[in-house]
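Below are the chains, spelled out letter by letter.
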2 protein chains.
Amino acid sequence: MKKVSRSAAFLSLALLSAAPPADSPAIAGYSLESSRVERDWEAKFRAIPNQQNLRDYMQRLSARPHHVGSAYDKDNAEWMLAKFKEWGLDAKIETFDVLFPSPKERALELIEPTRFTARLQEPAVAEDPTSNQHAEQLPTYNAYSIDGDVTAPLVYVNYGIPEDYEQLDRMGISVKGAIVIARYGASWRGIKVKVAGEHGALGCIIYSDPRDDGYYQGEVFPKGPYRPKDGVQRGSVMDMPVYPGDPLTPGVGASPGAKRLALKDATTITKIPVLPISHADAQPLLAALGGRTVPENWRGALPFTYHVGPGPAKVHLKVQANWDTKKLYNVIVKIPGVTFPDEWIIRGNHHDGWVNGADDPISGAVAVMEELRALSLLLKQGWKPKRTIVYCLWDGEEEGLLGSTEWAEEHSAELRRVGVVYINSDSNGRGFLQMGGSHTLEKFMNGVARDIEDPEKKISVWKRAQLQRISHPADRDDARKRADLRMGALGSGSDFTAFLDHLGIASLNIGYGGEGGGGVYHSVYDDFYWYTHFGDTDFAYGRALAQTGGTAVLRLANAELLPYEFSDFTDTLKKYVEEIQKLARDRRDAILERNKQLDEGFFAAIDNPSEKLLPPPREEVPPYLNFAPIENGMAALNRTADHYERVLADAAANGGAALARAQLKAVNEKLIQIERALTLSDGLPNRPWFKHQIYAPGFYTGYGVKTIPAVRESIEQKQWREADEQIVRVGKMLENTGEHIEAAASELERAVK
Amino acid sequence: MKKVSRSAAFLSLALLSAAPPADSPAIAGYSLESSRVERDWEAKFRAIPNQQNLRDYMQRLSARPHHVGSAYDKDNAEWMLAKFKEWGLDAKIETFDVLFPSPKERALELIEPTRFTARLQEPAVAEDPTSNQHAEQLPTYNAYSIDGDVTAPLVYVNYGIPEDYEQLDRMGISVKGAIVIARYGASWRGIKVKVAGEHGALGCIIYSDPRDDGYYQGEVFPKGPYRPKDGVQRGSVMDMPVYPGDPLTPGVGASPGAKRLALKDATTITKIPVLPISHADAQPLLAALGGRTVPENWRGALPFTYHVGPGPAKVHLKVQANWDTKKLYNVIVKIPGVTFPDEWIIRGNHHDGWVNGADDPISGAVAVMEELRALSLLLKQGWKPKRTIVYCLWDGEEEGLLGSTEWAEEHSAELRRVGVVYINSDSNGRGFLQMGGSHTLEKFMNGVARDIEDPEKKISVWKRAQLQRISHPADRDDARKRADLRMGALGSGSDFTAFLDHLGIASLNIGYGGEGGGGVYHSVYDDFYWYTHFGDTDFAYGRALAQTGGTAVLRLANAELLPYEFSDFTDTLKKYVEEIQKLARDRRDAILERNKQLDEGFFAAIDNPSEKLLPPPREEVPPYLNFAPIENGMAALNRTADHYERVLADAAANGGAALARAQLKAVNEKLIQIERALTLSDGLPNRPWFKHQIYAPGFYTGYGVKTIPAVRESIEQKQWREADEQIVRVGKMLENTGEHIEAAASELERAVK
């Protein structure tokens, strides 16, 4: 063991040193000669990020609440702008005017069988110097809840996801006319409200059960990192799976002159009022519920028996917002490219928080700032990027990816032309490299990860991530044998969404995490005190993130040939296609089995008279779907990806001498358009804003990704005809993508001839 | 659905009616003609059991605490004796004198960092009229704990099973010199003390976590059936996997003249003191623990973060017993057989409880009593059993299967000769038929189950059990396609143990359950009030149990040919053999994989510095085992079972006319000895009392069964040489069993020629 880890450390130190071994292979997209130059600059870059700087930036940026519309949000943007200018960079602030509701009135009372008024307030903690900034804190609420004032019996709906309502149906319980209480977790919060509304609930309460991020998980703040009894998770409930960004300006930038919808026509505002609460506020409500005991997997960690209701608990919920327009402050830095100025490498992290937001998002934002400082030093040493580099510190992410979405929409025509890659980060912590994104970049990102040293273990972050995957039996073989670690697909939940899903720009999302737990997400306790006690306390992983993001940016900016790669991509796509084929089979089998059980008298026979369950409905057996169009599309992709691979191998032979002398502009232009080919201009069924046909946030999962979404969600929603149509559409899109790959391959062949 | 359930109900009603359809097939072991007579008597029998009687018996038997040595225990025995005599039956009480420790002193205090004295007392509940009989209640304790007075730091060990100590090793925590606190569940309680002692703990506390049988599961008593905060689970901690029964007289009946061990030489007394407590008493102890947060699957439902310790909590534990000898009162009823008086069908249920014991064991005992009343009525109508029927109401089961074990040991020579079948029951509840036992009786028991009507669903209890199994995807296909439902193997935990494991008498354990939950096991709240509110409140399933047990007894007592069957048996045995082969492979693979991970530097790389885990030890890769001897044994079994099957089919042809005229005494005598052939006189490795080579309670599971135990446990304990030796021994035993089956087949062939 020791031997292995020592030699791995030696290896990665060698890669980190300013003078890499003479026999280092060429970086993908580089000739051997230009690789040497590139490695030299990268090593210089990685030596720069400084942990004390990261700490200082965080202390400044999280010193006061800095949500959209707050004084300190603007102040932070201006401070960053000044810093970037001080470093000699070309920086500016781009503003947008967006709808941003903030609480005017919030009330929650239990009125039967006993009375209790919820506190709806997070108290200050003596040890924590910023937790008492009540005057500036945004109260606990869910942004983009519709206004409402409702009184109704209460029903506990577990996580409030669609499966939970299937269970309620079996129990014979309807939420129609009720107020539901759901616990945070298992899906993005906006889904809970949406699904509750679809089932006829009048209102929705979302609380943090101690099982999910409180004392059940570990010691609570300030003794430990988990959510204390009065801690509340704020958060947006905008229906982002329909479209993110300003609800009044879908598809266009929320500039002063933009045409705006009337508030009543904004489809991403919730249909029923919703309020988040602490478990201290939830406990009397839940304890007052009667009715049957909840199923085992519905139970939280509060010390009583959980019941479903409805009633006897009856609650009064009132939510009213100031429906104001607020200004966003995106800070944008541009380093022009000298060879390919019209090819942009974009890097971003948001700067706004719900309150002090030290972890979310400042832990990521400070790494991005430090990348910029390092780039500014390289520029002073004579380094010049071939491509244009754009760094973005977004505002308004928390409310619905406002800053990034409005910017991407505002500049969409240009971005569709010049956008090469968008690299996002957000919160950052101790642990393992987490990477997700477009699979055309999987090989590239694996290459970057191999060159970053893990600050704790002194092996490469790639090696550490590989060993983590080996710890999961299902991933073990793949992690050991496959050349590259698999990269997760992106759903939503951060600022890559508009770039990837709306514009079709190949995107990455990177960060470190997995070691420290925590439960202060979106509360007043996510602050400098918490982060420096329980987060990446010495900013070692903040430094690693700056090294990772910066290395990726440098390497993309100066590659001769853009390092997109299509064999990992098609390998992954093949898995997705197999998944949806299996999904269709499984759905069919499940319905056949269930109908058979209905025939057998199964449900009546096993039913427990003291806990009766209604039999599930009989369903029509779904037809077999014709997957041939997608299979033909895949065949085209495989064929053309193979061709590109062969051409690339030829071009890279002999130290990439051909690459070094070729004119690759036309090839790169063709390569950039390949991710665009994965989009369709009319988007996904019922949500045209989402144009990417391989990745999308799930309509009923929110952040969670659905790959090949048009087909997958049609099957999940049992829309068999729609599924057949979408298969044809996706199949054509894949064939078209294959043509784009073929064109790039031919262009490359010509260029290096 | 309705159609199916209606026709199934029709079918079972038809089977239940006094006049079965003329075309009913013959019962296994009967000719068609004698089947008609048998069915007639069975139908008469099943009409007799009366729910009000069951209720009345329970009210009487559970009116006062009736543990071994109590006045009411003897009183109950004498009352039953009088009843049986009143019904005209030949009944007697057989007594034994056994070691029975009862509490003299119990103390548990937290002495650091704060002070708390455990209450160790279950308070009376106003609604429950017998919960206040403090003067007669046995205090909360674990019988057969060694005396001790220890003070030491506390360590939480989860369920206290061997895997938990492997986790503690990884955490770098030793229990040496500590007092451990384990929660009830996941294994039999005696294992927790044994394993704690083996790891060097000085004392052991076992508590009932509300997660496992308290408020987490449902409403607590008296509002619901689950364990209230002060409820305590008493129970024996005698090391029964070594030998059950009186610790001073292993292998022989504890009659007045029996040779007795000195107390210090009794190996089944615990090595360290142990005390069970409520979660109200456990909460201050657990809350005072520091150290690391426990792993996820160690967490209970108390409202704080669970820690492992050791300390700062320090506790003082004192346990001292009166090491008295007490008298057991087994009530034995014998109905002599007219044709085969030396073939005994034995039926039993214990009558002693820990306190009032309404559920455990009176709910089962009253059904057995009602069977006896029904049999007495049949006798008066002229029915006569071919074989001798023996009914046993055991004393002292709770302390260590005392009554049944001493009786079986006392009469062992006779029982080995005449014992055909032992049918046990214990607690009974609402729900599904649960059957376990010797697989030579699997087909027989399936046949009985097909003829019993479920009182709730009006389909056969067999059908209902089948549909329940269909609800488990892993069992679905088997339950739908196999002619017979699989029967579980028996471990220990009730009075079948001595019959099956020590004497090799084919045994069954039957009961109903699975609908009502509960958490009053072994507490003062297991009483008439609880049972009539939350148990089988109208005794419908008590009646079903009497019908089931009685039908089985009748059918065995009057069969021409004993209905053992060997194809289900060999089919099941084949699965066990495959399981242990897989176990050996999996162990090997797991060690190879772990060693590979140690080589990869895996554990160091994924370790979280704030929750450090030591790497697991490197282990020697196990050799491949030679399973050929068992495979050859299985081949012999398959061949001879097939032969018996063919002969039996011939004998049963033409309505079993051959059976009707044959002299089958010699065949039956040979058949009886087949289960005996599955035993070896020197027993299992290190525990010679356990002689059965197919079934045994696990040395480290207690109640949980280990099939082919000598081989399986050698593999589990990584004793590879021992495993190879045991494979040879078991293989020979199987070949010998095959010879016994062959002898029975030949004998049957001769008899029906």
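These lines cover the structure that appears in this document, whether it is placed above or below. The structure presented is a predicted model; accordingly, all values stated were derived computationally and were not measured.

## Looking at the packing of helix H2 (residues 32–47) of chain A against helix H18 (residues 540–558) of chain A
Residue and element names in this part refer to chain A.
Then comes step 1: Close contact between H2 and H18 brings their axes to 10 Å; oriented N to C, the two are set at 155 degrees. Between H2 and H18, the angle is such that the two are roughly antiparallel. Between H2 and H18 the crossing geometry is right-handed. Every residue of H18 that contacts H2 at Glu-38, Trp-41, Glu-42, Phe-45 and Arg-46 is listed here: Gln-547, Gly-550, Thr-551, Leu-554, Arg-555 and Asn-558.
Then comes step 2: In the contact of H2 with H18, the residues fall into three nonpolar, four polar and four charged.

## Re the environment of Leu-659 of chain A
Then comes step 1: Tracing the backbone shows Leu-659 of chain A in helix H21 (residues 628–661).
Then comes step 2: Considered as a pair, Leu-659 of chain A and Glu-127 of chain A are 532 residues apart in the sequence and their alpha carbons are 59 Å apart.

## Description of the relation of the copies chain A and chain B
Then comes step 1: Superposing chain A onto chain B requires a rotation of 180 degrees together with a translation of 0.0 Å along the rotation axis, leaving an RMSD of 0.0 Å. Both copies are brought into coincidence by an operation consistent with a two-fold rotation axis.
Then comes step 2: A share of 100% of interface residues in chain A that are also interface residues in chain B marks the association as one of identical surfaces.

## Regarding helix H4 (residues 71–86) of chain A
Structurally, the α-helix is built with 3.6 residues per turn, so residues lying three or four positions apart point the same way.
Residue and element names in this part refer to chain A.
Then comes step 1: Given a rise of 1.5 Å per residue, 16 residues ought to cover 22 Å, and the 22 Å separating the end C-alpha atoms of H4 matches this to within 8%.
Then comes step 2: Every buried residue belonging to H4 is among Tyr-72, Asp-73, Asn-76, Ala-77, Met-80 and Phe-84, and all of these are buried. Taken down its axis, H4 places every buried residue within 145 degrees of arc, on the same side. For H4, the exposed residues set more than 90 degrees away from the buried face come down to Ala-71, Ala-82 and Glu-86.
Then comes step 3: The secondary structure elements touched by the buried residues of H4 are helix H3 (51–61), strand S1 (90–112), strand S9 (314–335), helix H9 (358–380) and strand S11 (387–394).
Then comes step 4: In the segment just after H4, Gly-88 is the residue with positive phi, at about 90 degrees.

## Describing the nonpolar core
Then comes step 1: Core analysis: the largest hydrophobic core is formed by 432 residues, its most contacted members being Val-180 and Val-421 of chain A together with Val-180 and Val-421 of chain B.
Then comes step 2: No other element matches helix H24 (residues 720–752) of chain A, which puts eleven residues into this core.

Basis of the calculations
- Residues numbered from 1 in each chain as written.
- Chains lettered and ligands numbered in written order.
- Predicted model: local features only at pLDDT ≥ 70, side-chain atom pairs only at ≥ 80, totals over all residues.
- Axes fitted to C-alpha atoms, helices over the stretch in contact; angles between N-to-C directions.
- Helix = DSSP H or I, 4+ residues; strand = E, 2+ residues; numbered from the N terminus.
- Parallel < 35°, antiparallel > 145°, perpendicular 65-115°, else oblique.
- Left-handed = near helix turned anticlockwise from the far one by under 90°.
- Contact = placed C-beta atoms within 7 Å.
- Nonpolar A, V, L, I, M, F, W, Y, C, P; charged D, E, K, R; others polar.
- Least-squares fit on C-alpha atoms with pLDDT ≥ 70 in both.
- Expected span 1.5 Å × (residues − 1).
- Buried ≥ 20, exposed ≤ 12 C-beta atoms within 10 Å, placed from the backbone.
- Arc of directions from axis to C-beta.
- Core = buried A, V, L, I, M, F, W, Y, C linked by C-beta atoms within 7 Å.

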